[in-house]
Structure formats: C-alpha cells, structure tokens
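Reading the structure
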Amino acid sequence: MRVEDIKTVAAIGAGTMGHSIAMEFAVHGYNVHLIDMSEDALSHGLDMIRHDAVELSEHHLIAGQNIDDILARITTFTSISNGVHDVQYVTESVAEKLEIKQSIWKQVEENAPQDAIFTTNTSGLSPSAIAEVLKTPHRFVVAHYWNPAHLMPLVEVVPSRSTSQDTVDTTVAFLRTVGKKAYPLKRECLGFVGNRIQMAVIREALNIVSRDIATAEDVDNIIKYSLGRRWSILGPIISADLGGLDIFESVSEYLLQDADNSTTPNQLLAEKVRRGELGNKTGRGFYDWNGDEGIQTVAHRDEQLMKFLERDVTTE
Ligand SMILES: NC(=O)C1=CN([C@@H]2O[C@H](COP(=O)(O)OP(=O)(O)OC[C@H]3O[C@@H](n4cnc5c(N)ncnc54)[C@H](O)[C@@H]3O)[C@@H](O)[C@H]2O)C=CC1
Ligand SMILES: O=C(O)[C@@H](O)C(=O)[C@H](O)[C@@H](O)CO
C-alpha cells in the first residue's frame, strides 16, 4: 500500500482515543468509517468529535475548515465487516484486552481488502501476540497515540516480529502527512518507549508518596516545573549529555540502590483501584474530582496543548 493510495480510513472504537484519531483523519480530508458496537457509542463519539473540532477551529488549528464538512467525511458503522470492506488503512482503539483485540482483527482481516494496512493503538500489548490470529501479519503494526490523540503529536510505530518494513515505512509516512510526529521502534517490546518510561516515573512517584516523602500534589508540581518543563524541549538522554554524564553516573551509583524496583503495581494504586477510586471518571483518585474540576482541568490541559501545537506550526 502506498500513502497516495489511501483514500478511506476505518477507525474501530469511537471512545476516548478512537474518536480523536478518526477526527484527525477527517480534518485532513480522508473519508473515515467510524465503527463501534452501538449507535449510542457512535453518537457519543460524533459528539466528542464535533466538540474537539470546534475547539481546534477556535484556536485556528484547522484554518478555514467548516465543521460540518469534517463531520460529513465520517460514516458510522456498527458492523466491522461493513465498515472495513473498502478501506486502505485501519486503526483500532478498543479495550486493552488481548482476546478482544485478536477477535476484532480476525474479523477485520476476513473483510478488509488484501493490501489494507492494519494498525492498533494498544498502550503496550505485544503486536506479535495480537497478530497471532492473522494470516497476513506482515501488514499489522502498532500505531500508539497519546491522550488526547488530536492534541498530542507523538505516535510510536512498533513492528511485530512479522511486520514488513514496507508496512512500517508507509505507516510512518502516512501519519506524518496528517501532522503526527511518528517514530518507528527498531523492534517490539512491552509498553514501547513512552509507556515504559511513564510507568517507571509513576512507580517512583507513588513510592515517594507511599514513603511519606512528599504529597501527590507536590510530586506533580515538582515534576511539572522541572523535568516536565525541560523534557518538553529536550528529551532525557540529550539532557543528560548537557548535564554531564559523569554526574549522572555518580548519582546513579547511590540512588538506584534506593529507588523503587518493584515488579508489581504500587499498593496505594492497587488499593484505590480496589475501592473503585479510579480518578476523574469516578470522582476520586489521588485527587478529589468534585463538580466541574475535572472538566476545568482537562480544558486547561487542552488549552496549553493547543498552544504547543500552534508553536509547532510556527517553528517548523
Ligand atoms: N485512554 C488513554 O489514555 C489511552 C488509551 N490507549 C489505548 O487505546 C485503546 C482504547 O482506549 P480508550 O479509547 O481509552 O477506550 P474507551 O473505552 O474510551 O473506548 C473503547 C471503545 O471501543 C469500543 N469497542 C469495544 N469493543 C468493540 C468491538 N468489538 N467493536 C467495536 N467497538 C468496540 C467501545 O464501545 C468504546 O467506544 C486501548 O487499547 C488503550 O490501551 C492508547 C493511548 C492512550
Ligand atoms: O498515557 C497515554 O496517553 C498513553 O500513552 C497510554 O497508552 C495510556 O494512557 C496508558 O499510559 C495508561 O496506562
């Protein structure tokens, strides 16, 4: 499949990630088949797409585009077979469960064109494990976005043991045509790059809170005004080069012995999940999300992320 031959994209899953990914392709002029299990889920997905498209338009990030024209490029389906039969590229964002993804990809392969590219937005499952059910695994690859997908530029493209180089190259090139910062990994690993690092950071952050060294809010603000600020400009390894590798080695020699090296979820996290305190979506996690605090926090985050996108456009 060549990038120039891609005209219609299927987006399976119209939820948090899927609606956002579908919108991006529609904003860039592609026909999109949005697929989910029910009309209610699709209707909710379209509502989120319209909300996000208006937000992008108000920030001049989709200059000159009519919102209704964007929505008109999206056709909804509750049937995978109908939704994928005439597309050239499939993106999947359903539950992070191996068996569910395998079941869906079997249906996709039975109904999609022989040369369509298959991509999953899994957060960290093995693409080889998902593709075990496929007869044509050479065309299956991870394209892992970051939440919110339409405001976070990065997509990790991760091959399985069977993915062809042509599939990787076309996927990276295609994603870059719609403005994503798409980077291929050399080979698969659980969690890819971003989530391996994110989970290591979360493990240590919760270790610090568990040991009553600092509160969750102070940990968040300390990172926000230090590593978070610097890493939005230069990544961790280049920052080590600038800080001096001798210093990083000296600190590693004593600190790694004290850092958290647990291989199971932090107990604070596990206890909260057990109590149903899942964060903003249940009103309580490490923070209390009363009233419209969650909406205000997400709106502030998205406002700042759009400012980054505006800057990306002007500085590239
Ligand atoms: N939420 C996040 O921050 C991120 C999630 N991801 C990954 O993206 C995937 C989706 O995550 P979310 O969008 O957060 O989940 P979600 O729960 O918001 O959306 C999942 C959607 O898939 C639909 N779905 C489930 N089974 C289906 C089926 N058989 N056919 C059609 N539609 C089906 C559901 O109805 C729902 O609308 C997961 O693999 C997740 O790990 C990746 C990056 C970030
Ligand atoms: O954090 C993100 O945006 C993504 O990279 C994800 O895959 C999921 O949120 C994951 O980190 C949740 O564990």
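Position numbers for residues count from 1 along each chain, tracking the sequence in the order it is written. Lettering of chains starts at A and numbering of ligands starts at 1, both following the order in which they are written. Only residues with pLDDT of 70 or above have their local features reported here, since the model is predicted, and side-chain atom pairs are shown and tallied only from 80 upward, although totals for entire chains, interfaces and linings are computed over all residues. Side-chain numbers come from the whole structure's heavy atoms, not from hydrogens or water.

Residue P148 is bonded to the preceding N147 through a cis peptide linkage, with omega at 0°. Secondary structure is summarised from DSSP: a helix means a run of H or I of at least four residues, a strand means a run of E of at least two, and numbering begins at the N terminus for each. Checked against the element boundaries, P148 lands in the loop between β6 (140–144) and β7 (154–159). One non-glycine residue with positive phi stands out, namely D212, at about 55°. Within the secondary structure layout, D212 lies in the loop between α8 (194–210) and α9 (216–224). When accessible area is computed with a 1.4 Å probe and restricted to protein chains, residues below 20% of their type maximum are described as buried, those above 50% as exposed, and intermediate ones as partly exposed. D212 sits in the exposed class, given a relative accessible area of 70%.

Glancing now at the UniProt feature "domain: 3-hydroxyacyl-CoA dehydrogenase C-terminal" (unreviewed entry) in the protein chain. UniProt positions are given in the numbering used here, feature names are shortened, and annotations may be inferred rather than shown by experiment. Under the local residue numbering, the UniProt record ascribes the feature "domain: 3-hydroxyacyl-CoA dehydrogenase C-terminal" (unreviewed entry) to residues 191–289. The distance from the first to the last C-alpha atom of residues 191–289 is 28 Å, and the span holds 59% helix and 0% strand.

Each Phe, Tyr or Trp ring (for Trp, its six-membered ring) is paired with any other whose centre lies within 6.5 Å, and the angle between the two planes then decides the class: stacked below 30 degrees, edge-to-face above 60, tilted in between. Under the counting rule described, the total for this entry stands at eight aromatic pairs. A centroid spacing of 5.3 Å and a plane angle of 5° characterise the contact between F25 and F174, whose relative ring orientation is stacked. Highlighted residues: F25 in helix α1 (residues 18–27) and F174 in helix α7 (residues 165–177), separated in sequence by 149 residues. There is no split in this pair, since F25 and F174 are both buried.

What follows deals with the site of ligand 1. Taken together, 19 residues form the shell around ligand 1, and within it M17, D36, E96, K101 and S123 come nearest. Polar contacts, as used here, are pairs of N or O atoms within 3.5 Å; protein pairs need one atom able to donate a hydrogen and one able to accept it. Residues neighboring in sequence count only if both atoms are side-chain atoms. For ligand 1, an oxygen atom lies 2.9 Å from a polar atom in the backbone of M17. All residues other than Ala, Val, Leu, Ile, Met, Phe, Trp, Tyr, Cys, Pro, Asp, Glu, Lys and Arg, Gly among them, are scored as polar; the first ten of these are nonpolar and the last four charged. Partitioning the shell around ligand 1 into residue classes produces seven nonpolar, nine polar and three charged. Note on definitions. A residue lies near a molecule or strand when any single heavy atom of the residue is within 4 Å of it.

Now for the site of ligand 2. Surveying the vicinity of ligand 2 reveals the residues S123, H144, W146, N147, N195, Q198 and M199. Residue S123 places a side-chain N or O atom 2.7 Å away from an oxygen atom belonging to ligand 2. H144 places a side-chain nitrogen or oxygen 2.9 Å from an oxygen atom of ligand 2. With the chains in place, 66% of the 320 Å² that ligand 2 exposes on its own is no longer accessible. Areas reported as accessible are Shrake-Rupley estimates using a 1.4 Å probe. Residue values count occlusion only from the protein chains shown.

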